[in-house]
Structure formats: structure tokens, C-alpha cells
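# Observations on chain architecture
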Amino acid sequence: MVEHLLKKFGAEGSERFTREGSPLEMSATRVGIRFASRRMVRSIHAHRLTEWCNQQYPSKSDDLVHNIFYQYFEVGVDIGIVDNLVEIAVMSGLNRFEAQRILNSKTYLDEVTEKDGFAKLRLRVSGVPSFTINYQTKRKPFTFSGAQPPEVMMQFLEEACKST
């Protein structure tokens, strides 16, 4: 993870995220999250699993996303491994064999890749979390990325409301 942060933010920016007591760690602690590890993994399969769930079992999407985040951030499960995602799907009330079939194929790969490209190029998403308002209207969407203080989020919401 440090290599990724160095490349993206430089030495000073990287240190901000990796030192003990970093803003990220402090924000997480305030809302009850304790990071199990600080490693980067490929999340394309998690996104594909979520896309499948959103389309086929929308009532289970919140549970699935919560479990993916919990297992990755707090337990330290590698969500880049298909078998781990299948177990997360099962704990979310989804069928093991359907999840395996989806993840062992290229199903939803194009959809996820297209959405990722759209978010990066058109919405200028550069980090997570990211927030977009007015996404499905004819007005220009408002987007910002990264964990932000509540005051910044409030200002963002006020600006978005003014334009609607």
C-alpha cells in the first residue's frame, strides 16, 4: 500500500496516511472502525459480485456491501480472492453456487469496467469514498472524492441543493 500512496501522493502525502494517528485512522476510530490491515487489493471481483447482487437481489445489496467492507477493513480478508468473496456472499444470504458461477466467469466485467471508466473520466472520481449528486438528472452532477470533514460535506450538499 505504501508504494501506491507514494506514487499517488508523494512522500509527504503518503506519510499522512500511514503514520499512527493519521486522519484516516482517527476518522475510522470515531465511527467504530478498526483497520485490520493496510494493504491494497484488486477489488474488481467485489465490484462484479456487487453488480450481480444489485441486479438480481437488490434487497441483499446493503448486507453484501457491508460484509465486503467489514471483512476487508476490519477482519483483513483479501477480497481479491474469489473463494473469499463467495464466503462473503453466503454470509450475506446469497447462493454459494450462483456467486461462484458469476465470479468464475467474466459476467459483469464489462459493466463494472465501463462504470469505473465513466466515474474516473466523466465524474473525475479519484479516490474513495466518492459522492455524486444529480447523477441521473440532466443537470451537471456534483462529485467529490475522499473522506471529508462534515463541514465540507455540508457545503457540498448545500451547493448541490442550490442547483436543483
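The following paragraphs examine the structure supplied in this document. Quick caveat, the model's predicted, so the values are computed rather than measured. (Residues numbered from 1 in each chain as written. Predicted model: local features only at pLDDT ≥ 70, side-chain atom pairs only at ≥ 80, totals over all residues. Heavy atoms only, no water.)

### What to know about the nonpolar core
Nonpolar side chains in soluble globular proteins generally cluster together in the buried interior. Leu49, Trp52, Leu64, Ile68, Ile79 and Leu85 are the most contacted members of the largest nonpolar core, which has 18 residues in total. Of all elements in the fold, only α3 (44-56), α4 (61-75), α5 (82-91) and α6 (96-103) reach the threshold of two or more residues within this core. Counting residues per element, this core draws most heavily on α5, at 5 residues. Residues contacting Leu64, with those up to four places away along its chain left out, are Leu49, Thr50, Cys53, Ile88, Ala89, Ser92 and Leu94. (Core = buried A, V, L, I, M, F, W, Y, C linked by side-chain atoms within 4.5 Å. Buried < 20%, exposed > 50% of the residue type's maximum accessible area, 1.4 Å probe, protein only. Helix = DSSP H or I, 4+ residues; strand = E, 2+ residues; numbered from the N terminus. Contact = heavy atoms within 4.5 Å.)

### Focus: α6
The set of residues buried in α6 consists of Ala99, Ile102 and Leu103. Along the long axis of α6, the arc covered by the buried residues comes to 90 degrees, so they all point the same way. Along α6, the residues that are exposed and aim more than 90 degrees away from the buried face are Phe97 and Arg101. Looking at the buried residues of α6, the elements they touch are α3 and α5. The distance from a side-chain oxygen at the start of α6 to the backbone nitrogen of Phe97 is 2.8 Å, and the residue carrying that oxygen is Asn95. (Arc of directions from axis to C-beta. Polar contact = N/O pair within 3.5 Å; in protein donor to acceptor, adjacent residues only side chain to side chain.)

### Description of the packing of α4 against α5
Close contact between α4 and α5 brings their axes to 9 Å; oriented N to C, the two are set at 135 degrees. The angle between α4 and α5 places the two elements in the oblique class. Judged by the sense of rotation from one axis to the other, the crossing of α4 with α5 is right-handed. Across the interface between the two elements, Leu64, Asn67, Ile68 and Gln71 from α4 touch Leu85, Ile88, Ala89 and Met91 from α5. Tallied by class, the residues present in the contact of α4 with α5 amount to 6 nonpolar, 2 polar and no charged. (Axes fitted to C-alpha atoms, helices over the stretch in contact; angles between N-to-C directions. Parallel < 35°, antiparallel > 145°, perpendicular 65-115°, else oblique. Left-handed = near helix turned anticlockwise from the far one by under 90°. Nonpolar A, V, L, I, M, F, W, Y, C, P; charged D, E, K, R; others polar.)

### Some details on the environment of Asn95
Checked against the element boundaries, Asn95 lands in the loop between α5 and α6. The class for Asn95 is partly exposed, based on a relative accessible area of 35%. At a separation of 2.8 Å, a polar atom in the side chain of Asn95 contacts the main-chain amide nitrogen of Phe97.

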